[in-house]
Amino acid sequence: MKLSKLVIAAAVVAAGASSIATSAFAQAKEQFFPLLSYRTGPYAPNGVPWANGKQDYIKMINARDGGINGVKLTFEECETGYATDRGVECYERLKGKPGVALFDPQATGITFALTEKAPVDKIPLMTLGYGLSVAQDGQAFKWNFPFMGSYWTGADILIQHIGKGAGGMDKLKGKKIALVYHDSPFGKEPIPLLQERAKMHGFELQMLPVTAPGVEQKATWLQVRQSRPDYVLLWGWGVMNSTALKEAQATGFPRDKLYGVWWAGAEPDVRDVGEGAKGYHALALNGYGTQSKVIQDILKHVHDKSQGTGPKDEVGSVLYTRGVIIQMLAVESVRRAQERFGKGKVMTGEQVRWGMENLALDQKKLDAMGFGGVMRPLSTSCADHMGSTWARVHTWDGSKWNFSSDWYQADEQILKPMVKAGADKYLADKKMSRREAADCQS
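The paragraphs below set out a description of the structure included in this document. (Residues numbered from 1 in each chain as written. Predicted model: local features only at pLDDT ≥ 70, side-chain atom pairs only at ≥ 80, totals over all residues. Heavy atoms only, no water.)

**Quick word on the overall build of the protein**
Looking only at helices and strands, the protein features 17 helices and 14 strands. Since a compact globule built from 442 residues should have a radius of gyration of about 22 Å, the 24 Å found for the protein is in line with a globular shape. Summarising its shape, the C-alpha atoms of the protein cover approximately 100 × 50 × 40 Å along the three principal directions. Counting over 442 residues, the protein shows a buried share of 56%. Per element, the accessible surface of the protein, about 17,900 Å² overall, is 53% carbon and sulfur. Charged side chains of the protein number 54 positive and 46 negative; the gap between the two group centres comes to 3 Å. (Helix = DSSP H or I, 4+ residues; strand = E, 2+ residues; numbered from the N terminus. Rg over C-alpha atoms; globule rule 2.2 N^0.38 Å. Buried < 20%, exposed > 50% of the residue type's maximum accessible area, 1.4 Å probe, protein only. Areas by Shrake-Rupley, 256 points an atom, 1.4 Å probe, with all protein chains shown as cover. Lys, Arg positive; Asp, Glu negative; His and termini not counted. Charge placed at Lys NZ, Arg CZ, Asp CG, Glu CD.)

Next comes the structure, spelled out in structure tokens:
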């Protein structure tokens, strides 16, 4: 009797151990993506499609491919409301989850706050098209990755485009360009580049801050009407963008002389203004629409199975597609890390960081992944954490966006010295040093 009890007890213990092992194995085969988002507040119209695109891409990779080489992808969203303090709280709550890959803060202010935390926690930050412009310098910012562009590259391309339209950069001399910007780290970020270009070409730069969230701009546009700039650059986000367009219309400022950053060039920015925004230009980091293979795969594997995160008619929109690109780059960073550290294994934040620093997505690879026509090739290194500095301009015709320029590349002769000087200053202020050559190989 005692023997049978011992056998039963041993069996129970063995079963429990097996269950724990199975649970640990299941947990070990999951790569976790913390998703900071803002679905509430004045920035929600822009934040929602961005967040939905990221979720749908994860769902599609799991449904179509079974994850990354057998590693299932999991995620958890955390609402920040675009507030820096809430973003930091989300980071602190999610950073300890098993299998955490990287963070996409989704806000420049949150990025600033996390930049000193990431090296300590050894979790990389992806800031596609936003964040610290000087973080392009990977030898100074080991854990920051401003993929595809910064506010310096965006501002540079806009000045190039305006100069081309004026008949040459020399024609900018004596012109007046006003910057209507969100009074936050995001809105202030392009100022150094614009000041540098103003010195080079002899145009006057007028800076007009708008208090967040930007629902009250009458005084700003009264200043625009009084100073009569030749061009206005709009560095807005969320409700600020449509408000600016309505005020431009009300004060009679020509919309075809108004140029927005790529966070002011999506459907939510112009939809409510309609014909009143006709002629308005904005930067475009990425293609959009439903014709690409990746979007067709999302429709097939996610939305056609009623698994979509948001409405089906949102799929393929400008910011939704940007969210898809962001999550693709996160997934490919993990895949690249697996190539070095072990296929079919869950990657640590340090390993994913290496993957982000060693991405090589040429046109052939992008086409095979279904991203042909959606984005430019991207290749990163220890020295370059951006990987691509290209953008186009598109123009609102009253009902839809149309590309109105070819691709521009930011001028590296201007950017490189500025990035290095800015990075050196950051390191000096923080009493830090550049990475050793050996660290770039690790």
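What follows continues from the structure just given.
**A short note on the packing of helix H6 (residues 151-166) against helix H8 (residues 191-201)**
At a minimum axis distance of 8 Å, the contact between H6 and H8 shows a crossing angle of 35 degrees. When you trace H6 past H8, the crossing you get is right-handed. Contacts between H6 and H8 involve Trp152, Ala155, Asp156, Ile159 and Gln160 from the first element and Pro192, Leu193, Leu194, Arg197 and His201 from the second. Of the residues assigned to the contact of H6 with H8, the class counts are 6 nonpolar, 2 polar and 2 charged. (Axes fitted to C-alpha atoms, helices over the stretch in contact; angles between N-to-C directions. Left-handed = near helix turned anticlockwise from the far one by under 90°. Contact = heavy atoms within 4.5 Å. Nonpolar A, V, L, I, M, F, W, Y, C, P; charged D, E, K, R; others polar.)

**Notes on the pairing of strand S9 (residues 281-284)**
Pairing between strand S8 (residues 258-260) and S9: 2 bridges, direction parallel. When the bridges of S9 are listed, Gly260 appears paired with Ala282. As paired strands, S9 and strand S12 (residues 390-396) are joined by 4 bridges and run antiparallel to one another. Bridge pairing in S12 links Ala284 to Arg392. (Pairing = 2+ DSSP bridges.)

**Regarding the pattern of salt bridges**
Tallied over the full model, the rule gives 30 salt bridges. Of the charged contacts, one joins Glu76 and Arg93 as a salt bridge, the two residues approaching to 2.8 Å between their closest N and O atoms. Taken together, the residues Glu76 in strand S2 (residues 72-79) and Arg93 in helix H3 (residues 84-94) connect sequence positions 17 residues apart. Residue classification places Glu76 among the partly exposed residues on the basis of a relative accessible area of 23%. Note on Arg93: relative accessible area 47%, which makes it partly exposed. Note that Asp121 is salt-bridged to Lys95, the shortest N-O span being 3.3 Å. With Asp121 in helix H5 (residues 117-121) and Lys95 in the loop between H3 and helix H4 (108-114), this residue pair connects regions lying 26 residues apart in the sequence. (Salt bridge = Lys/Arg side-chain N within 4 Å of Asp/Glu carboxyl O.)

**Thoughts on the packing of aromatic side chains**
Tallied over the full model, the rule gives 21 aromatic pairs. Pairing Tyr38 with Trp237 gives two aromatic rings, centres 6.3 Å apart and planes at 90 degrees, and the pair type is edge-to-face. Within this pair, whereas Tyr38 is found in the loop between strand S1 (30-37) and helix H2 (44-65), its partner Trp237 is found in the loop between strand S7 (231-235) and helix H10 (239-251), the two being separated by 199 residues in sequence. Across the pair, Trp237 and Tyr38 agree in class, each one buried. On the numbers, 6.0 Å between centres and 85 degrees between planes, the contact of Trp50 with Trp237 is edge-to-face. Note that Trp50 is positioned in helix H2 and Trp237 in the loop between S7 and H10, a separation of 187 residues in sequence. (Phe/Tyr/Trp six-rings, centres within 6.5 Å; stacked < 30°, edge-to-face > 60°.)

**Notes on H8**
Taken as a whole, H8 has its buried residues at Ile191, Leu193, Leu194, Arg197, Ala198 and His201. Seen end-on, H8 carries its buried residues on one side only, within an arc spanning 160 degrees. Residues of H8 that are buried in the fold lie against H6, strand S5 (176-182), helix H7 (185-188), strand S6 (204-210), S7 and helix H16 (412-429). Positive phi appears at Gly202, one or two residues downstream of H8, with a value of about 80 degrees. (Arc of directions from axis to C-beta.)

**Overview of H6**
Given a rise of 1.5 Å per residue, 16 residues ought to cover 22 Å, and the 22 Å separating the end C-alpha atoms of H6 matches this to within 8%. The buried count for H6 comes to 13 of 16 residues, which makes it a mostly enclosed element. Looking at where H6 begins, the residue whose side-chain oxygen comes 3.2 Å from the main-chain nitrogen of Trp152 is Ser150. Looking one or two residues beyond H6, the residue adopting positive phi is Gly167, at roughly 105 degrees. (Expected span 1.5 Å × (residues − 1). Polar contact = N/O pair within 3.5 Å; in protein donor to acceptor, adjacent residues only side chain to side chain.)

**A look at the state of the cysteines**
Taken as a whole and judged by the stated rule, the model has 2 disulfides. The disulfide bridge from Cys78 ends at Cys90, spanning 2.0 Å between sulfur atoms. One quick way to see it: the torsion about the S-S bond of Cys78 and Cys90 is about -75 degrees, and its sign makes the bridge left-handed. Here Cys78, found in strand S2, pairs with Cys90, found in helix H3; they are 12 residues apart in sequence, far enough to count as distant. For the residue pair Cys78 and Cys90, the accessibility class agrees, reading buried in each case. Paired by a disulfide, Cys382 and Cys440 hold their sulfur atoms 1.8 Å apart. Note that Cys382 is positioned in the loop between strand S11 (378-379) and S12 and Cys440 in helix H17 (residues 437-441), a separation of 58 residues in sequence. Given a relative accessible area of 10%, Cys382 falls into the buried group. (Disulfide = S-S within 2.5 Å.)

**A few points about the environment of Ala368**
Position of Ala368 relative to the elements: it lies in helix H15 (residues 363-369). Along the chain, Ala368 and Lys293 lie 75 residues apart, while their C-alpha atoms are 9.1 Å from each other.

**Some words on the packing of H2 against helix H12 (residues 293-301)**
At a closest axis distance of 9 Å, the pairing of H2 and H12 adopts a crossing angle of 75 degrees. Our classification of the angle between H2 and H12 gives roughly perpendicular. Between H2, through Asp56, Tyr57, Met60, Ala63 and Arg64, and H12, the contact on the second element is made entirely by Lys293, Val294, Asp297, Ile298 and His301. Here the contact of H2 with H12 is composed, by residue class, of 5 nonpolar, 1 polar and 4 charged. (Parallel < 35°, antiparallel > 145°, perpendicular 65-115°, else oblique.)

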